[in-house]
Amino acid sequence: MAKAKTAFVCNDCGAEYARWQGQCNACKSWNTITEIRLAPAKLSRADRFSGYAGETQAKIQTLSEISLQEVPRFHSGFYELDRVLGGGIVPGSAILIGGHPGAGKSTLLLQVMCGLAQNMTALYVTGEESLQQVAMRANRLGLPTDRLKMLSETSVEQICHLADQLKPQIIVVDSIQVMHLADIQSSPGSVSQVRECAAFLTRYAKTRQVAIIMVGHVTKDGTLAGPKVLEHAIDCSLLLEGEADSRFRTLRSHKNRFGAVNELGVFAMTEQGLREVKNPSAIFLSRGEEQTAGSSVMVLWEGTRPLLVEIQALVDHSMLANPRRVAVGLEQNRLALLLAVLHRHGGLQMSDQDVFVNVVGGVKVTETSVDLALLLALISSFRNQPLPRDLVVFGEVGLAGEIRPVPSGQERISEAAKHGFSRAIVPFANKPKSAVKNMQVFTVKKLSDALAILDDFD
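The residue numbers shown here count from 1 along each chain, following its written sequence. Given that this is a predicted model, residues contribute local features only at a pLDDT of at least 70 and side-chain atom pairs are listed and counted only at 80 or more, while totals for whole chains, interfaces and linings are drawn from all residues. Remark: hydrogens and water are excluded; side-chain values derive from all non-hydrogen atoms of the structure.

Take the overall build of the protein chain next. Only runs of H or I of at least four residues qualify as helices and only runs of E of at least two qualify as strands under DSSP, and these elements are numbered from the N terminus. Helices and strands together make up the secondary structure of the protein chain, namely twelve helices and 21 strands. When the 458 residues of the protein chain are sorted by exposure, 47% land in the buried category. Contacts: residue pairs with any heavy atoms within 4.5 Å of one another. Considering only residue pairs separated by 6 or more positions, the protein chain has 65% of its internal contacts joining residues 24 or more positions apart. Each accessible area value is a Shrake-Rupley result obtained with a 1.4 Å probe; residue values ignore everything except the protein chains displayed when judging cover. For the protein chain, the exposed surface amounts to about 22,800 Å²; the carbon and sulfur share of it is 51%. Summary of the burial criterion: residues with accessible area below 20% of their type's maximum are buried, those above 50% are exposed, and those between are partly exposed, where the area comes from a 1.4 Å probe applied to protein chains only.

In this structure, Leu372, Leu376, Leu378 and Ile425 are the most contacted members of the largest nonpolar core, which totals 48 residues. Looking at this core, the element that brings in the most residues is helix α10 (residues 371-383), giving eight residues. With sequence-adjacent residues up to four places away left out, Leu376 is seen in contact with Leu387, Val393, Ile425, Ala450 and Leu454. To define a nonpolar core, start from buried Ala, Val, Leu, Ile, Met, Phe, Trp, Tyr and Cys residues and group those joined through side-chain atoms within 4.5 Å.

On any regular strand, side chains alternate: one points to one face of the sheet, the next to the other face. The pairing criterion for strands is at least two bridges between them, as found by DSSP. Sheet topology places strand β15 (residues 325-328) next to strand β16 (residues 353-359); four bridges connect them, and they run parallel. Counted as the bridge partner of Arg325 is Val355 from β16. Looking down the strands as they point away from you, a crossover is right-handed if its path from the first strand over the helix to the second goes clockwise. This β-α-β element, β15 to helix α9 (residues 332-346) to β16, shows left-handed connectivity.

Take Ser296: it is sitting in strand β13 (residues 295-302). According to the relative accessible area criterion, Ser296 is buried, its value standing at 3%. Throughout this description, a polar contact denotes any pair of N or O atoms lying within 3.5 Å of each other; where both atoms belong to protein, one of them has to be capable of donating a hydrogen while the other can accept it, and for residues adjacent in sequence the pair is counted only when both atoms sit in side chains. Looking at Ser296, its side chain comes within polar contact range of the main-chain oxygen of Ala373, at 2.9 Å. The contact partners of Ser296, leaving out residues within four places of it in the chain, are Val309, Glu310, Ile311, Ala373, Ala377 and Leu387.

Here Asp174 and Ser175 are connected by a cis peptide whose omega angle stands at 0°. One can find Ser175 in the loop between β7 (170-174) and α6 (191-208). Unusually for a residue other than glycine, Gln209 sits at a positive phi of about 55°. The topology assignment puts Gln209 in the loop between α6 and β8 (211-216).

Turning our eyes to something else, we now look at the packing of aromatic side chains. Working definition: a ring pair exists when centres of Phe, Tyr or Trp rings (six-membered ring for Trp) sit within 6.5 Å. Plane angles under 30 degrees give stacked, over 60 give edge-to-face, the rest tilted. Considering all chains together, one arrives at one aromatic pair under this definition. When the NZ atom of lysine or the CZ atom of arginine is within 6 Å of a ring's centre and also within 35 degrees of its normal, the charge is said to sit over that ring. A cation over an aromatic ring shows up here: Arg412 above the ring of Phe394, its NZ or CZ 5.7 Å from the ring centre. Over the ring of Phe428 we find Lys445, and its NZ or CZ is 4.5 Å from the ring centre.

Looking now at the sheet that holds strand β14 (residues 305-317). Taken in spatial order, the four strands line up as β13-β14-β16-β15 in an open sheet, and their pairing is mixed. Each edge of the open sheet is held by one strand with a lone partner, namely β13 and β15. Ignoring which end each strand starts from, the neighbouring axes of this sheet average 20° apart. Simply put, an axis is a line fit to the C-alpha atoms, just over the touching stretch for a helix, and the angle between two N-to-C directions goes from 0 to 180 degrees. This element, α10, spans β13, β14 and β16 of the sheet and lies at about 35° to β14. With respect to the sheet, helix α11 (residues 409-418) is in contact with β13 and β14, its orientation differing from that of β13 by roughly 125°.

Quick look at empty space enclosed by the protein now. Cavity and pocket criteria rest on a 1 Å grid covering protein atoms alone: a 1.4 Å probe that fits but cannot get out defines a cavity, protein on both sides within 12 Å along at least 5 of 7 lines defines an open pocket, and an atom within 4 Å of a point defines a lining residue. Grid points are joined across faces, edges and corners, and a volume is the space filled by probe spheres set on the points. All told, the structure shown has four cavities of 30 Å³ or more when counted by the stated rule. Considering only enclosed or pocket space, the second largest cavity measures out at about 40 Å³ in volume. Every residue lining the second largest cavity is listed: Arg73, Leu85, Gly88, Ile89, Val90, Ser93, Ile95, Cys236 and Phe258. Throughout this entry, Asp, Glu, Lys and Arg are counted as charged residues, while Ala, Val, Leu, Ile, Met, Phe, Trp, Tyr, Cys and Pro are counted as nonpolar. The remaining residues, Gly among them, count as polar. In terms of residue class, the lining of the second largest cavity is made up of six nonpolar, two polar and one charged.

What follows is about the pattern of salt bridges. The rule for a salt bridge is simple: a side-chain nitrogen of Lys or Arg has to be within 4 Å of a carboxyl oxygen of Asp or Glu. Applying the stated rule across the entire model yields 16 salt bridges. The partner of Arg257 in a salt bridge is Asp235, and the shortest N-O contact between them spans 2.7 Å. Here Arg257 is found in the loop between β10 (248-256) and β11 (264-270), whereas its partner Asp235 is found in the loop between α7 (229-233) and β9 (236-241), with 22 residues between them in sequence. Given a relative accessible area of 47%, Arg257 falls into the partly exposed group. For Asp455, the salt bridge identified is with Arg383, shortest N-O distance 3.3 Å. Of this pair, Asp455 sits in helix α12 (residues 447-457) while Arg383 sits in helix α10, placing them 72 residues apart in sequence. You can call Asp455 partly exposed: its relative accessible area is 44%. Note on Arg383: relative accessible area 29%, which makes it partly exposed. Among the charged side chains, a salt-bridge network with shared partners connects Glu16, Arg195 and Glu196.

Treat this as a map of the structure, not an account of what it does.
Next up, the structure:
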């Protein structure tokens, strides 16, 4: 009897090795390399899939021969989800939705599929729950259940075989971590199974022009579980995020071949499932009646739309030798950099102060347009002088104390004016070309200019 071939694969990054070792050279993780058995290659995967799924013969074309007709899309029934996907679901696309347990992935997809099933053939494949559990959830949410096709199966070959008979236009696979292929000897959820199952389903979506949405788990650090090649194989990677004590969920695209990256959709978890939030800025700006120091409002640019958020800062005298620097929703290193700029070019020293910064609403800010608003919030808390409630601020701060422009400045100012803000401090290069109705715009070139404007407000 021939000896079975084996390989050693890292469960975190998918790197392969000829023999076992304690640490992965690629991702530097310890004790993540496991042994898997390789099935004998009787036929190539392309031959097996071609004979199984009826794949058409490919041909070589010149670039000018390819049709430029716009890819048709169909709407999911949720405006926020369509926004994140780039305008709707593209037939033949492979979409991966990840999120922490309880974030609402299955609930959102069940709502979408029940709505789509009223106008098209839709198939919901569950591998983690029984059909009775899914039916109970649908009835609890009050969803129409008369047309959605259900399947409880974990074999990818069997799923595709039954889908060939049903010919659905969209398929949901919940989840990719429990799926398996018969010719892969490792257990479901392993690197090899997740990678090969995702590749198989993606190829099926392309050849059948069926939109396939795969649900993926996340690791403890918030990243999608499985090998990194999983995200390279699919067309769109979405992540549903939300704090355990908050009813709001944010859906963000990390990869999208059919739309903008970093697009953001906001949902609210209710007793009837997830409900989309049409005006997220109103939620993140739900401030109290009393005017307090250490609070400023800025305008983020998330994907293709502006978003107003509140930044809170607390500066207090420290009793420690090394004062604390805590940033929630912001990068810690960015906070340390801005404190150094404030000391050098603003004349305010906070080396003996504890500094705490928080972005209200659980929003994670990654762009540099938050710099100026963060500094003004710190100054407001340090001086115990509240900023005007009708003031909005944005701008990038350089190491030399200069205020650099940010993209889409005109749209940010217009969005702030729609929400009742009448004053704005913006970079000089973002000065609007025409006057904005009911908005007084102050332009600054240096940090000292912004500090002078604050003194005038007082």
